[in-house]
Amino acid sequence: MPVISPTFSSSPLLYVRLAAVLFTCVTFSLVVHCGAYGGRSGDWCLFCWCFSFAGSLVVLLVELLGLQSRTPVSWRNFPITFATYAALFCLSASIIYPLYFLKGQHGSNRDYQIAASVFSCLATLAYMAEVSLSRARPGEVAGYMATAPGLLKVCETFVACVIFVFLDQSYERHGALKWCLAVYCVCFILSAAVIVLCVGECTGWLPFPFNRFLSAYALLAVLLYGTATIIWPVFNFDSNHLATRRDSSCGQGHTLCFWEKLVAVSALTGLNFLLYLADLVYSARLVFIKV
């Protein structure tokens, strides 16, 4: 019969995970109560809070009951991977929700919306604290996802997903933009594959050394994203090419206009380029110990 793990019950991780469960539960409860989550932006925010709450509850129960050895995933890698995704999800919701649902709002629901925004920020801080407590320290034997390159892989896939949301078939206007789409897809698939291999403890299945693959892939991703960082803004905003302009529809409603989406993709492409560059530096230096 499962019993509560005495080691985990006295760990700081217990308190930050309890805080994350509490804050995300309060957040989506407030939003659902006032019904202020319409449209794609509201649905995304609600998904972020519910996903984070459900996942944190599962991790908390597994840790409390000492069931780590019975899970079909690597428990050295899964909790911190989930916590990093949850931190990014809650961070995005903490930005999107007040931006689209608090601006210009009045009435009784505004107090609920303000409270939900505050608790969403608190949930983000709780997940960041969990990642900070769980990440590998210098000289410590840990799973790959607890190292800096592992955490960067999570950030890279998250940013790529946001890029896909903003693309909105804008890549069909020129062949060079289709190249950028190919870059986003290839790098996302490979980064996601690395995460799945680590969480599923399948790195030993590869016919070549895993650490060499990571370094080679990081170099390839830097080169690919380097081209996309140049090509995307040039072929979308340069006067000699498509030269997309900002129109009167921008800044209206709860969604981004076409021009704003193009700018967002340009900024996110540059951000992912920097993430892959940092990944390359860390991967070249990291001595990975496979457990």
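Residues numbered from 1 in each chain as written. Predicted model: local features only at pLDDT ≥ 70, side-chain atom pairs only at ≥ 80, totals over all residues. Heavy atoms only, no water.

Novice: Any chance you could explain the packing of aromatic side chains here in plain terms?
Specialist: The description of an aromatic ring pair uses the distance of the two centres, along with the angle that the planes make with each other. Counted according to the given criterion, the structure contains 23 aromatic pairs. Taking 5.7 Å as the distance between ring centres and 65 degrees as the angle between the ring planes, the aromatic pair formed by F89 and F158 counts as edge-to-face. Here F158 lies in helix α6 (residues 148–167) and F89 lies in helix α4 (residues 78–101), a separation of 69 residues in the sequence. On the basis of relative accessible area, F89 is assigned to the buried category, the value being 10%. Among the aromatic side chains, those forming a connected cluster through ring pairs are W44, F47, F51, W75, F78, F82, Y85, F89 and F158. (Phe/Tyr/Trp six-rings, centres within 6.5 Å; stacked < 30°, edge-to-face > 60°. Helix = DSSP H or I, 4+ residues; strand = E, 2+ residues; numbered from the N terminus. Buried < 20%, exposed > 50% of the residue type's maximum accessible area, 1.4 Å probe, protein only.)

Novice: How do you make sense of the side chain of T124 when you look at a structure like this?
Specialist: Tracing the backbone shows T124 in helix α5 (residues 109–134). If sequence neighbours within four positions are ignored, T124 has contacts with A87, C90, L91 and S94. (Contact = heavy atoms within 4.5 Å.)

Novice: Hey, could you run me through unusual backbone geometry in this one?
Specialist: Excluding glycine, residues mostly carry a negative phi; peptide bonds, for their part, are mostly trans. For E201, which is not glycine, the phi dihedral falls at a positive 55 degrees. Secondary-structure assignment places E201 in the loop between α7 (175–199) and α8 (210–237). Since its relative accessible area comes to 53%, E201 is described here as exposed.

Novice: Where do I start with the environment of L30 in this structure?
Specialist: Within the secondary structure, L30 is located in helix α2 (residues 12–34). The class of L30 is buried, set by a relative accessible area of 18%. Spatially, the C-alpha atoms of L30 and F119 are 9.5 Å apart, while their sequence positions differ by 89 residues. When near neighbours in sequence (up to four residues on either side) are disregarded, L30 contacts Y112, A115, A116 and F119.

Novice: Help me out: how do you make sense of the pattern of salt bridges in this one?
Specialist: When the charged atoms of two side chains lie near each other, side chains of opposite charge can form a pair. Going through the model one piece at a time under the given rule, you end up with 3 salt bridges. We note a salt bridge from R17 to E63, for which the minimum N-O separation is 3.3 Å. Residue R17 is located in helix α2, and its partner E63 is located in helix α3 (residues 39–65); the two are separated by 46 residues in the primary sequence. For E63, a relative accessible area of 10% puts it in the buried group. D279 serves as the salt-bridge partner of K153, at 2.6 Å between the closest nitrogen and oxygen. Of this pair, K153 sits in helix α6 while D279 sits in helix α9 (residues 258–285), and the two are 126 residues apart along the sequence. Since its relative accessible area comes to 0%, K153 is described here as buried. D279 gets classed as buried once you look at its relative accessible area, which sits at 0%. (Salt bridge = Lys/Arg side-chain N within 4 Å of Asp/Glu carboxyl O.)

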